[in-house]
Amino acid sequence: MTDFFRRIGRSLNDRAVILLILTAALWGANGVVSRAAVGEVSPMTMVTLRWLVVCAVLLPLLRSQIGHYAGDLRRHCRYIALMAACGYTGFNVLFYLAGYYTSAVNITLLQGSIPPMVLAGAALFKGIRVTPMQIVGMAVSFVGVGLIGTRGDLSHLGALDFNIGDLMLLAACALYAGYTIALRDRPHLPPMVFFAGMAIAAFAVSLPFFVGEIMMARSYWPTPKGFALVLFVGIGPSLISQLFFMRAVELIGPGRAGIFTNLTPLFGAFFAITLLGEPFHLYHAAAMALGLGGIGLAETGKRKHS
């Protein structure tokens with residue numbers, strides 16, 4: 001199994017665009033799962049079990065490597081715990097709660113707010129130069145988010161009507177944007193070892209939320225469909241996509257990598273319509289077009305600057 005992961009890593013090692021497209025597809029599917037999981041598995045149970053699945057897969061495979069780098073993992077434990085709390089546990093807690101209050105289409109489309117958040121944060125906190133075209137792309141993406149909040153009528157921008165689920169999703173996106181920016185400065189550890197440390201930390205941080213859900217009598221054991229959903233998000237969006245995304249950030253930086261998450265709405269809306277039968281409105285199509293346009297503008301600006 002370790003050789004299998006190694007072969008995949010070698011074949012995709014320097015293909016950032018492919019890695020990011022696959023990542024966006026898995027994240028788009030995750031948005032649909034958050035909605036499909038309603039009534040099948042409680043939100044905090046989903047968060048805890050998904051990271052338990054990741055740990056159950058990784059730890060036996062990487063036992064010797066984790067032991068070898070145990071000192072480095074302990075030395076960077078605060079950084080790892082904070083990154084896991086924001087980018088993994090915190091993001092997922094808000095993500096799955098949002099599924100109870102808003103549609104899968106909205107969940108996937110609002111993730112288009114991550115790229116402009118990453119660009120703005122990279123410029124403000126890391127001193128990374130942002131080109132004029134990247135700023136234009138960022139503005140275009142924010143207009144797409146505005147279309148969701150106004151349900152397609154931008155004349156109502158002064159009175160945005162985000163429901164509680166939409167607001168949870170935007171807060172989750174802010175956490176993931178911070179994680180993406182900080183990922184560039186991650187400790188010099190083998191990617192799989194670093195991710196294993198993050199998975200362990202994410203599982204540990206999720207336990208208080210899981211216990212709290214039980215104490216509030218809001219927890220329920222997954223149905224067979226719920227277990228299938230947990231297994232999918234544990235292997236796909238939680239494990240494979242995060243490894244792909246970390247490698248892409250190493251290759252092209254957080255700003256450019258973050259822009260590609262605008263592909264998530266494209267995949268997510270397709271999955272929501274075809275698998276869940278959710279309605280797709282004209283303003284959803286406009287928001288998607290603006291998100292994809294933001295990618296094109298930002299990437300064009302970056303290439304010209306380079």
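Scroll up to find the structure.
Residues numbered from 1 in each chain as written. Predicted model: local features only at pLDDT ≥ 70, side-chain atom pairs only at ≥ 80, totals over all residues. Heavy atoms only, no water.

1. Observations concerning helix α8 (residues 114-126)
What counts is decided by this rule: Only DSSP runs of H or I with at least four residues qualify as helices, and only runs of E with at least two residues qualify as strands; both kinds are numbered from the N terminus onward. Expected span of a helix, by definition, is 1.5 Å for each gap between consecutive residues, and there is one gap fewer than residues.
For α8, with 13 residues, the first-to-last C-alpha span of 17 Å sits near the 18 Å given by 1.5 Å per residue. Immediately downstream of α8, the backbone of Gly 127 shows phi near 70°, a positive value.

2. Considerations on a nonpolar patch on the surface
Rule in force here: For patch detection, residues must exceed 30% relative accessible area and be free of salt bridges, and they are connected within 9 Å for like charges or within 5 Å for nonpolar side chains (Val, Leu, Ile, Met, Phe, Trp, Tyr). Areas reported here follow the Shrake-Rupley algorithm with a probe of radius 1.4 Å; residue values treat only the protein chains shown as occluding. Put simply, a salt bridge is a Lys or Arg side-chain nitrogen that is within 4 Å of an Asp or Glu carboxyl oxygen.
Residues Val 38, Tyr 100, Tyr 101, Ile 164 and Leu 167 make up a contiguous nonpolar surface patch of roughly 440 Å² in combined accessible area. Within the fold, Tyr 100 resides in the loop between α6 (77-98) and α7 (104-110).

3. Details of the nonpolar core
Selection rule: In this description, a nonpolar core means a group of buried Ala, Val, Leu, Ile, Met, Phe, Trp, Tyr and Cys residues linked to one another through side-chain atoms lying within 4.5 Å. For the exposure calls, accessible area comes from a 1.4 Å probe over protein chains only, and a residue counts as buried if that area is under 20% of its type's maximum, exposed if over 50%, partly exposed in between. Residue contacts follow a heavy-atom distance rule, with two residues in contact if any of their heavy atoms lie within 4.5 Å.
Met 46, Trp 51, Tyr 179, Leu 183, Phe 195, Met 198 and Phe 245 are the most contacted members of the largest nonpolar core, which has 66 residues in total. Apart from residues no more than four positions distant in its own chain, Trp 51 is found in contact with Tyr 88, Asn 92, Phe 195, Ala 199, Ala 202, Phe 203 and Ser 238.

4. As for the packing of α8 against helix α10 (residues 164-183)
Going by this rule: Only the stretch in contact is used when fitting a helix axis, every axis being a line fitted to C-alpha atoms; angles between N-to-C directions are given from 0 to 180 degrees. An angle counts as roughly parallel when it lies under 35 degrees, as roughly antiparallel when it exceeds 145, as roughly perpendicular when it falls between 65 and 115, and as oblique in every other case. In this scheme, a crossing is called left-handed if the near helix is turned counterclockwise away from the far one by less than a right angle; it is called right-handed if the turn is clockwise. Nonpolar residues are Ala, Val, Leu, Ile, Met, Phe, Trp, Tyr, Cys and Pro. Charged residues are Asp, Glu, Lys and Arg, and all others, Gly as well, are polar.
The interhelical angle for the contact between α8 and α10, taken along N-to-C directions, is 45°, at an axis separation of 9 Å. In terms of axis orientation, α8 runs oblique to α10. For the pair α8 and α10, the crossing hand works out as right-handed. Listed contacts from α10 to Ile 114, Met 117, Val 118, Gly 121, Ala 122 and Lys 126 of α8 are Leu 170, Cys 173, Ala 174, Tyr 176, Ala 177, Thr 180 and Ile 181. Of the residues that constitute the contact of α8 with α10, the class distribution is 10 nonpolar, 2 polar and 1 charged.

5. Structural notes on the side chain of Glu 213
Operational definition: Counted as positive: Lys and Arg. Counted as negative: Asp and Glu. His and the chain ends are not counted at all. The definition of a polar contact used here is a pair of N or O atoms within 3.5 Å, where within protein one atom must be able to donate a hydrogen and the other to accept one, and adjacent residues in sequence count solely through side-chain atom pairs.
As for its position among the elements, Glu 213 is in helix α11 (residues 191-215). Arg 218 provides the closest opposite charge to the buried, unpaired Glu 213, separated from it by 7.9 Å. Within the structure, the side chain of Glu 213 is placed 3.1 Å from the side chain of Thr 45, a separation counted as a polar contact. Once you skip the residues sitting within four places of it in the chain, Glu 213 turns out to touch Ser 42, Pro 43, Met 44, Thr 45, Arg 218 and Ser 219.

6. Let's talk about the pattern of salt bridges
One pass over the full model with this rule turns up 1 salt bridge. Across the pair Arg 75 and Asp 72 runs a salt bridge whose closest N-O atoms are separated by 2.1 Å. Here Arg 75 pairs with Asp 72, and both are found in helix α5 (residues 70-75), just 3 residues apart, close to one helical turn.

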